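Summary of structural features
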Amino acid sequence: MLSALLVMSAIAIALGAVLGYSAIKFRVEGNPLADKVDALLPQTQCGQCGYPGCRPYADAIVSGEADINLCPPGGEEGIQKLADLLGVEFKPFGAGAEPKPKAVAFIDENTCIGCTLCLQACPVDAIMGAAKQMHTIIASECTGCELCIAPCPVDCISMVTIGENVENWKWKYPVYALKSVPPKITSPETKSPETKSRTPA
Amino acid sequence: MRTLFKFHGGVHPPGNKTQSTQQPTATAPIPAKLIVPFRQHAGEAAKPVVQVGDHVLKGQLIGEPAGFISSAIHAPTSGTITAIDMQPVAHPSGLPELCATLIPDGRDEWVERKPTDYRAQPADELRHLLRMAGIVGLGGAVFPSDIKLRPLRDHPNKDIGTLILNGAECEPWITCDDMLMRERAAEIVQGAEMLRSMLGSREVLIGIEDNKPEAIAAMRLAVADSGLPFKVVAVPTIYPGGSAKQLIRVLTGLEVPSGKLPTDIGVQCFNVATVYSAWRAVAHGEPLVSRFVTVTGNVRQPRNYEALIGTPLTDLIALGEPLPDTDGYIMGGPMMGMPLPSTSVPLVKAGNCIIAGSKKLFPPPPPTLPCIRCTRCAQACPADLQPMDLYWFSQSKNFGQAQAFSLFDCIECGACSYVCPSHIPLVQYFRFSKSEIRMREQDKLAADRARERHEYREFRIEREKQEKAERLAAKEKAAAAAKPAEPPVVATNPDAAPENTAQMKIQAAIEHAKEQAAAIKPKNTENLPPELLAEIAEIEARRARIRETAKSDVEPPKE
C-alpha cells in the first residue's frame, strides 16, 4: 500500500518536474499563430490596413480585432491564404480597397530639396540620402507602400508602375477552345434507336 | 562496342533532317543592319560599354558581363553603332529588350585577336577568357560555359571523371550541329581536349544519334587523326535523346538526381557547337559572333548558314526563299521551339534553327478534348513524371501539389503533348505553373527581405532613442557636477523677486553667448599672407562703420 503510494507520487513528481522544466525551457514567446499570419502578409509595411505595419496587423487578426480582407497588396490570393490558415470564410475586399498594380517610388531629383522627411517615413529604409543631399530610392528594396509621398514638402515623389518586362514576364494560363460536340442526340432526325429508347418521352 | 543504356519514355517524331543537309553550309552575307541584344544568355543582361555613334570592329566588346551568371556581347562585324534601345527580340513574350543596332561598314575588319595556348594557361584564366568571349551553351539553354567549368563548390578537388560532348541533336528539322560536326570536326575535337584538361576528366564521350552517319564518320576520323582516346558513340535516335540528362543516362547509365547537377555525379556535358566556339575563342582569339543556323521547313532552299549574331531573321529567311503558302516561323525545333512574334527579330546565340511553317507541314492542332487519364503521357515522359497529374494540379492552380509531384524535373520536351490523344497543350500548363511558382518564390524572398529591413529599422530607431536618452542623462549629470559654484549666486539674493532672478538668468545667458561669439574667430583667415589679412581688416572696419551709420540713421526715427 505504502510502496504503491510512494511509487505513484514519485512518478507524479518526476513528470511534474519534466513538465515544469519544459514549460520554462521550451517557452514560446508571443503567439505562434501571429508569426504564421505575418509570414503570409506581403511585408510592404504600408499601413493600408489601418495598423502601423504588417506585424501589428497580424497580431490584430489573431486577436480577432481585424478582418482578413484589409491588405490590398496581398491581393485576393493573400485573403484566400489567410482564410485557409485561420479556417474562416473568404471575404472579398471592401469598396476602394482593391489591390493596385505593383509600383515603386521615384524621386524627381531636380525638385528634391534634401529634407530627409521621406527617409524618416520609409518603413524599410529604401531611400538613400542625407540632409541637403540628393535623395534616391533603392528600387530593388522599395515595397511600393507610398508612405514617402505624403511627407514630401515639394511633391517630388511619384509612384512608377513596374510594367511587364522580360524579367518578370510569366507564361499565361493556356486558353484554348474545347471541341464543341454537335448536338446530335437532341436533334430528332439523327436520333439513334438506343438514344431514343433512353430519352424520356 | 560500348554498352548503352535506355531512358524511360521518348517519342519518334519524323526527323525531316535530310532536306537541309543536301548542301554544305554557306556563309550568310553581312546584312544591311545588325541588331544585337544585350541579353542572349541565361542570367543577367550584359552592360553596354559602347555609345551611339561609336565605330566598332568585328569582335569588339560591346556589352560586358554584369553579375555572376552573365556573359559578354561582341560586335558581329565592323561598323557604327547607330542606336542602343529597346527592340523586339525572340522571346515568347514578344516584349522588347535592350539591343544595339549596328550598321556594318562592309569591311568586316577584326579587332586584334590574341590566340592563347590553353596548355600554358591556368584554368582560372581560361574561364575568364571564355566569359569575356561570350561563350554560352549553344544547345539552346545559353548557360554561360565558364560557370559549367568551375571546380565543384563542395568538393573543389573532385575531378569530373567524364566529359560528354552532345552531338545528339534530337529535335526534328534541326541540322546545324550535324553540319558543324561534318565540317569542323577537327576543331571540335581540339576544343574537347581543352575542356577535358580544364575539368580534369579521364574519359571523353561524344554522343551522336545514329541518324547522322556522316557526322559520326567525320568525328571518328577527326578523333583518329588527333590520336586522342575519345570515344564517338552512336546513340539510338529517340526524342529527347539530346537532352543532357537523357544523354548522360544513355551513355553512362547514371541518372542525375532530382534537383542536382550532372557534376554531382561526376559528369559534365557540352554541346558540340559550344565546344567549337570555345576552341575558336581560345586558340584563335575570336569571340562568339557567329553560329551555324538551319533554315528549313516550307522553303525552296533548305540549308545551313554560318550567320552573324544579330542578323535580322528576315534576311536569313530570304536566303531560304520561303514558299508562298508560308504562314509562320518557328525558332528552334517544332517540339520545343517557339513561334516567332515577328521576323524582324535578330538571330541570337540560342537560335539554332528557323522553320518556315505552313498549314500542310504543321496543321493546326485539333481541338482539345478533356483528359481521359490514359497515361500515355506518363509512358512517353523521359523524366519519369506523371504529366496527367501535373496537368490536373496545374490547371486547378494547385501549385504546391504540382511541386510535390516534381514539376521542376520537367524538361519541357513536349513528348507528353505529342502523344496526348486529347491534344492537351500539357507543356504550356507546366510552363505556366513553373513561372507562377518561381514568381511566388521571388515575392516571398522580397517579403522576407522587407520584413528584415523593417525590423532592423525599428531596432535602430529604438537604439537611437535610447542612446539619446543616455546622452541627455550624462549631460545633465555633468551639468549638475559642474554647477555647485552657481547656487551661492542665487543665495546672495534670497529676497529678489522671481522675475528678477529670471531676468538675471537671461542676462547671464546673453553675456555668455556674447563671450562665446567673441571667442570664436573665423578659422579660414589663420594662414593668410599679411596683405590679405590687412585687406580683411579694412573690410571689417568698413562694415563696422556702416553698422554705426545705419544705427544712427535708423534708430532716431524709431524713437
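Residues numbered from 1 in each chain as written. Chains lettered and ligands numbered in written order. Predicted model: local features only at pLDDT ≥ 70, side-chain atom pairs only at ≥ 80, totals over all residues. Heavy atoms only, no water.

**Let's talk about the pairing of strand β13 (residues 290-297) of chain B**
Residue and element names in this part refer to chain B.
- Judged by how many residues are buried, β13 sits mostly within the fold: seven of eight residues are covered.
- As defined by bridge partners, β13 adjoins strand β14 (residues 303-308) across six bridges and the pair is classed as antiparallel. Across the sheet, residue serine 290 finds its bridge partner in β14, namely leucine 308.
- Here β13 folds back onto β14, and the loop between the two strands holds five residues.
- The sheet contact formed by β13 and strand β17 (residues 353-357) spans four bridges and is parallel. (Buried < 20%, exposed > 50% of the residue type's maximum accessible area, 1.4 Å probe, protein only. Helix = DSSP H or I, 4+ residues; strand = E, 2+ residues; numbered from the N terminus. Pairing = 2+ DSSP bridges.)

**Topic: the interface of chain A and chain B**
- Each partner contributes residues to the interface: chain A has 34 residues there, and chain B has 33 residues.
- Both faces considered, chain A and chain B share a buried interface measuring about 3,000 Å² in area, 56% of it formed by carbon and sulfur atoms.
- Our count for the contact surface shared by chain A and chain B stands at eight salt bridges.
- For the salt bridge of arginine 440 of chain B with glutamate 77 of chain A, the shortest nitrogen-to-oxygen distance reads 2.4 Å.
- For the side of chain A that touches chain B, the element with the highest residue contribution is helix α5 (residues 117-121) of chain A, accounting for three residues.
- The residue inventory of the side of chain A that touches chain B, partitioned by class, reads 18 nonpolar, seven polar and nine charged. (Contact = heavy atoms within 4.5 Å. Buried area = accessible area lost by both parts, 1.4 Å probe. Salt bridge = Lys/Arg side-chain N within 4 Å of Asp/Glu carboxyl O. Nonpolar A, V, L, I, M, F, W, Y, C, P; charged D, E, K, R; others polar.)

**Some words on the side chain of glutamine 43 of chain A**
- Summarising the element assignment, glutamine 43 of chain A is placed in the loop between α2 (32-40) and α3 (54-62).
- In terms of polar contacts, glutamine 43 of chain A uses its side chain to reach the backbone carbonyl oxygen of aspartate 38 of chain A, at 2.7 Å.
- The contact partners of glutamine 43 of chain A, leaving out residues within four places of it in the chain, are Asp38, Cys54 and Thr143 of chain A together with Ala447, Ala450 and Arg451 of chain B. (Polar contact = N/O pair within 3.5 Å; in protein donor to acceptor, adjacent residues only side chain to side chain.)

**Details of helix α4 (residues 75-86) of chain A**
Residues and elements named next belong to chain A.
- Look at α4: 17 Å from first C-alpha to last across 12 residues, which is about the 16 Å you get at 1.5 Å a residue.
- Among the residues making up α4, those that are buried are Gly75, Gly78, Ile79, Leu82 and Ala83. The arc that holds every buried residue of α4, seen down its axis, measures 150°, which confines them to one face.
- Among the structural elements, α2 and α3 are those in contact with the buried residues of α4.
- Glycine 87, located one to two residues past α4, shows a positive phi value of around 70°. (Expected span 1.5 Å × (residues − 1). Arc of directions from axis to C-beta.)

**Concerning the environment of isoleucine 35 of chain B**
Residues and elements named next belong to chain B.
- Checked against the element boundaries, isoleucine 35 lands in strand β2 (residues 34-37).
- The exposure class of isoleucine 35 is buried, given its relative accessible area of 4%.
- For the pair isoleucine 35 and leucine 149, spaced 114 residues apart in the sequence, the C-alpha separation amounts to 30 Å.
- When sequence neighbours within four positions are dropped, the list of residues in contact with isoleucine 35 reads Gln87, Cys99, Ala100, Gly310, Ser344 and Pro346.

**A few points about the packing of aromatic side chains**
- Scanning all chains against the criterion turns up 10 aromatic pairs over all chains.
- Judged by centre distance (5.8 Å) and plane angle (45°), the rings of tyrosine 456 of chain B and phenylalanine 459 of chain B are tilted. A residue pair is termed a helical-turn pair when its members lie 3 or 4 positions apart in one helix, as tyrosine 456 of chain B and phenylalanine 459 of chain B do in helix α13 (residues 426-482) at three residues.
- On the basis of relative accessibility, which here comes to 45%, the residue tyrosine 456 of chain B falls in the partly exposed class.
- Chaining the aromatic ring pairs together yields one cluster made of Tyr173 of chain A together with Tyr391, Phe399, Tyr429 and Phe432 of chain B.
- Positioned over the ring face of phenylalanine 270 of chain B is lysine 148 of chain B, at 4.6 Å from the centre of the ring.
- Geometry around tyrosine 173 of chain A places lysine 397 of chain B over its ring, the cationic atom sitting 5.1 Å from the centre. (Phe/Tyr/Trp six-rings, centres within 6.5 Å; stacked < 30°, edge-to-face > 60°. Lys NZ or Arg CZ within 6 Å of the ring centre and 35° of its normal.)

**Points about the packing of α2 of chain A against α3 of chain A**
Residues and elements named next belong to chain A.
- Contact geometry of α2 with α3 gives a least axis separation of 8 Å together with a crossing angle of 125°. Taken together, the axes of α2 and α3 lie oblique to each other. Here α2 and α3 pass one another in a crossing that is right-handed. Contacts from Leu33, Ala34, Asp35, Val37 and Asp38 of α2 reach α3 at Cys54, Arg55, Ala58, Asp59, Ile61 and Val62.
- Grouping the constituent residues of the contact of α2 with α3 by class yields seven nonpolar, no polar and four charged. (Axes fitted to C-alpha atoms, helices over the stretch in contact; angles between N-to-C directions. Parallel < 35°, antiparallel > 145°, perpendicular 65-115°, else oblique. Left-handed = near helix turned anticlockwise from the far one by under 90°.)

**What to know about the pattern of salt bridges**
- In this structure the tally under the stated criterion is 40 salt bridges over all chains.
- Across the pair glutamate 286 of chain B and arginine 280 of chain B runs a salt bridge, and its minimum N-O distance is 3.0 Å.
- In this structure glutamate 286 of chain B comes out as buried when scored by relative accessible area, which is 15%.
- One network of salt bridges, in which partners are shared, links Glu77, Lys81 and Lys170 of chain A together with Glu436 and Arg440 of chain B.

**Overview of the domain arrangement of chain B**
Residues and elements named next belong to chain B.
- The domains assigned to chain B are domain 1 (18-27 + 122-292) and domain 2 (372-468).
- Computed over C-alpha atoms, the centres of domain 1 and domain 2 are 31 Å apart.
- Carbon and sulfur atoms make up 50% of the surface buried where domain 1 meets domain 2, a total of about 490 Å² over both sides.
- Broken down residue by residue, the surface that domain 1 buries against domain 2 is led by Tyr239, Pro240 and Gln246, which jointly contribute 61%.
- Applying the counting rule to domain 1 against domain 2 returns three residue pairs in polar contact (both at pLDDT 80 or more). (Domains from an automatic or database assignment.)

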